[in-house]
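For reference, the chains in residue letters:
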Amino acid sequence: MKDKSLFRAWAEVDTAAMRSNLDVVARALPGHKRMPIVKAEAYGHGLEGVVRALDDAGICFFGVATIAEAARIRDAGCQTIPFILGPCFPAEREIIVQNGWVAALSSLEELEHFESLGKLYNKPVHLHLSVDTGMGRAGLLPYDLGGIGERIRACDFVKVEGIYSHLSAASEDISFTHRQIACYELAVAHLLEQGMELTYRHLCSSAAVFNYEAPSTNMLRLGRVLYGLSPMPSPYNAQLQPTMTLYSRVTLLRTLPENHGVSYNHTYVTTAPTKVATLGIGFADGFSHYLSNNGSRIYLNGSYCPVLGRVTMDQIMVDVSHLSSVETGDIAEIMGPHVPWLELTDRAKTIPSNIVTGISSRVPRIYLP
Ligand SMILES: *Cc1c(COP(=O)(O)O)cnc(C)c1O
């Protein structure tokens, strides 16, 4: 079903805007390679559509969370190699080695297992050493790095060609972030001293790219910034373009009398006769239940319309009493130029990535040319 006139909720994805956002980063930080982060359906934009559009955009690796995502990138015919961002359990490592994907190295046990898999399949295994500088999620601890260079050099199949770490509080704790950066710089210097060749050195993702300097890095991991959102104030933010607009359609129009409850448990009750539109989008599509009864609104026929009562699984009700014209089938903007991603984030009291990764597979994605 590709006919938009039959969609009740859909997302339009602007891949040209993504490429432009990558260009903004290239202009701001020349000399840095860029790794688009495309985990979780490319932050809800749809994995295949996004990786096909970015494969030839002068990028380095696609950052993913799972080997299933890596396999979909391969099957989409992309040349760019997937980089698995987090640690992998043993059965996953085997698939990684077979496919020549790049993974993180968080422990000596992993190093030995990857080396034996390289031997088994007679294939080089490319890894980036993960260092825990304060995130507490993955990587070797800095004081476990002594002698690692020697262990790596002793491997015949494992090639550690990169080093990376992840910041835990770049948008909230500047002094801790500076300590993490200093820790990372020390780790890089230490490993270079041990004779390691570190072709890819990465630390900063969206909250840090425009706001911190990490002198030894030469690659950036770009999630939210790729999709048009910089979490920190910066002179570059105004150049970033939004990449997704979410729409839904009016499925029913009625006038409810005064004192009529709307939606589950009647958290909203009309105070006057009210023209109510029912829309074909709900929390199962990604319009969060946390958007109930908190001033959230949609944009329809040139006006904002407040959401009434609770968001249900497949539908919401909005007040359209003030609209001069509205018909069944009319298209409402749920998120986009009039209802920004950050507005939904704030209303739902969550974080931006939680909003877009919640847009479900029931919502068709249309890629703009
Ligand atoms: C998800 C993820 C990113 C992307 O983060 P943004 O803040 O969206 O840019 C970068 N690095 C790692 C390790 C991640 O898991």
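Residues numbered from 1 in each chain as written. Predicted model: local features only at pLDDT ≥ 70, side-chain atom pairs only at ≥ 80, totals over all residues. Heavy atoms only, no water.

### A short note on the overall build of the chain
1) Next: Within the chain, the regular secondary structure consists of ten helices and 18 strands.
2) Next: The 369 residues of the chain split such that 54% are buried.
3) Next: At a minimum sequence separation of 6, the contacts of the chain that also span at least 24 residues come to 67%.
4) Next: Of the accessible surface of the chain, which amounts to about 16,400 Å², a share of 52% is contributed by carbon and sulfur atoms.
5) Next: Side chains of the chain give 31 positive and 36 negative charges; the mean places of these two sets differ by 3 Å. (Helix = DSSP H or I, 4+ residues; strand = E, 2+ residues; numbered from the N terminus. Buried < 20%, exposed > 50% of the residue type's maximum accessible area, 1.4 Å probe, protein only. Contact = heavy atoms within 4.5 Å. Areas by Shrake-Rupley, 256 points an atom, 1.4 Å probe, with all protein chains shown as cover. Lys, Arg positive; Asp, Glu negative; His and termini not counted. Charge placed at Lys NZ, Arg CZ, Asp CG, Glu CD.)

### Side note on empty space enclosed by the protein
1) Next: Overall, the coordinates contain one cavity of 30 Å³ or more when judged by the stated rule.
2) Next: Looking at the largest cavity, its volume works out to about 40 Å³.
3) Next: Along the walls of the largest cavity sit Leu246, Gly286, Phe287, Leu291, Met335, Leu344, Ile355 and Ile359, which together make up its complete lining.
4) Next: Residue classes in the lining of the largest cavity are distributed as seven nonpolar, one polar and no charged. (1 Å grid on protein atoms, 1.4 Å probe; cavity = no way out; pocket = protein on both sides within 12 Å on 5 of 7 lines; lining within 4 Å. Points joined across faces, edges and corners; volume = space filled by probe spheres on them. Nonpolar A, V, L, I, M, F, W, Y, C, P; charged D, E, K, R; others polar.)

### A look at the environment of Ile73
1) Next: You can see Ile73 is positioned in helix α4 (residues 67–75).
2) Next: By relative accessible area, Ile73 is classed as buried at 0%.
3) Next: Apart from the residues lying within four places of it in its own chain, the contact partners of Ile73 are Val38, Leu47, Val51, Phe62, Val64, Cys78, Thr80 and Pro82.

### Structural notes on the site of the ligand
1) Next: Near the ligand, the surroundings consist of Ile37, Lys39, Tyr43, Leu85, Arg137, His166, Ser205, Ser206, Arg221, Gly223 and Arg224.
2) Next: In this structure, Lys39 approaches the ligand through a side-chain N or O atom, which is 2.8 Å from an oxygen atom.
3) Next: In this structure, an oxygen atom belonging to the ligand sits 2.6 Å away from a side-chain N or O atom of Tyr43.
4) Next: The protein chains hide 91% of the 390 Å² of surface that the ligand would expose on its own. (Near = heavy atom within 4 Å. Polar contact = N/O pair within 3.5 Å; in protein donor to acceptor, adjacent residues only side chain to side chain.)

### Considering the pattern of salt bridges
1) Next: Going through the model one piece at a time under the given rule, you end up with ten salt bridges.
2) Next: With its nearest N and O atoms 3.0 Å apart, the salt bridge here joins Glu12 to Lys4.
3) Next: Taking the relative accessible area as the measure of exposure, Lys4 reaches 33% and is therefore partly exposed.
4) Next: Note that Arg72 and Glu48 form a salt bridge whose closest N and O atoms lie 2.9 Å from each other. Placement of the pair is Arg72 in helix α4 and Glu48 in helix α3 (residues 47–54), with a sequence separation of 24 residues.
5) Next: Here the salt bridges share partners, and the residues they tie into one network are Glu41, Glu48 and Arg72. (Salt bridge = Lys/Arg side-chain N within 4 Å of Asp/Glu carboxyl O.)

### A closer look at the packing of α3 against α4
1) Next: At their nearest, the axes of α3 and α4 sit 10 Å apart, and the two run at 55 degrees to each other. Taken together, α3 and α4 sit at an angle that is classed as oblique. The two elements α3 and α4 cross, and the hand of that crossing is right-handed. For the pair α3 and α4, contact is made by Leu47, Glu48 and Val51 and by Glu69, Arg72 and Ile73, respectively.
2) Next: Classifying every residue of the contact of α3 with α4 gives three nonpolar, no polar and three charged. (Axes fitted to C-alpha atoms, helices over the stretch in contact; angles between N-to-C directions. Parallel < 35°, antiparallel > 145°, perpendicular 65-115°, else oblique. Left-handed = near helix turned anticlockwise from the far one by under 90°.)

### Examining the pairing of strand β10 (residues 244–256)
1) Next: Bridging between strand β1 (residues 9–13) and β10 involves five bridges; their strand directions are antiparallel. Paired with Ala11 across the strands is Leu246, a residue of β10.
2) Next: Bridge analysis of β10 against strand β17 (residues 331–335) gives four bridges, and the strand direction is antiparallel. Each residue of the ladder has a partner; that of Leu246, found in β17, is Met335.
3) Next: Both β10 and strand β13 (residues 274–279) contribute to a ladder of six bridges, which runs antiparallel. Residue pairing for β13: Leu252 is matched across the bridge by Thr278. (Pairing = 2+ DSSP bridges.)

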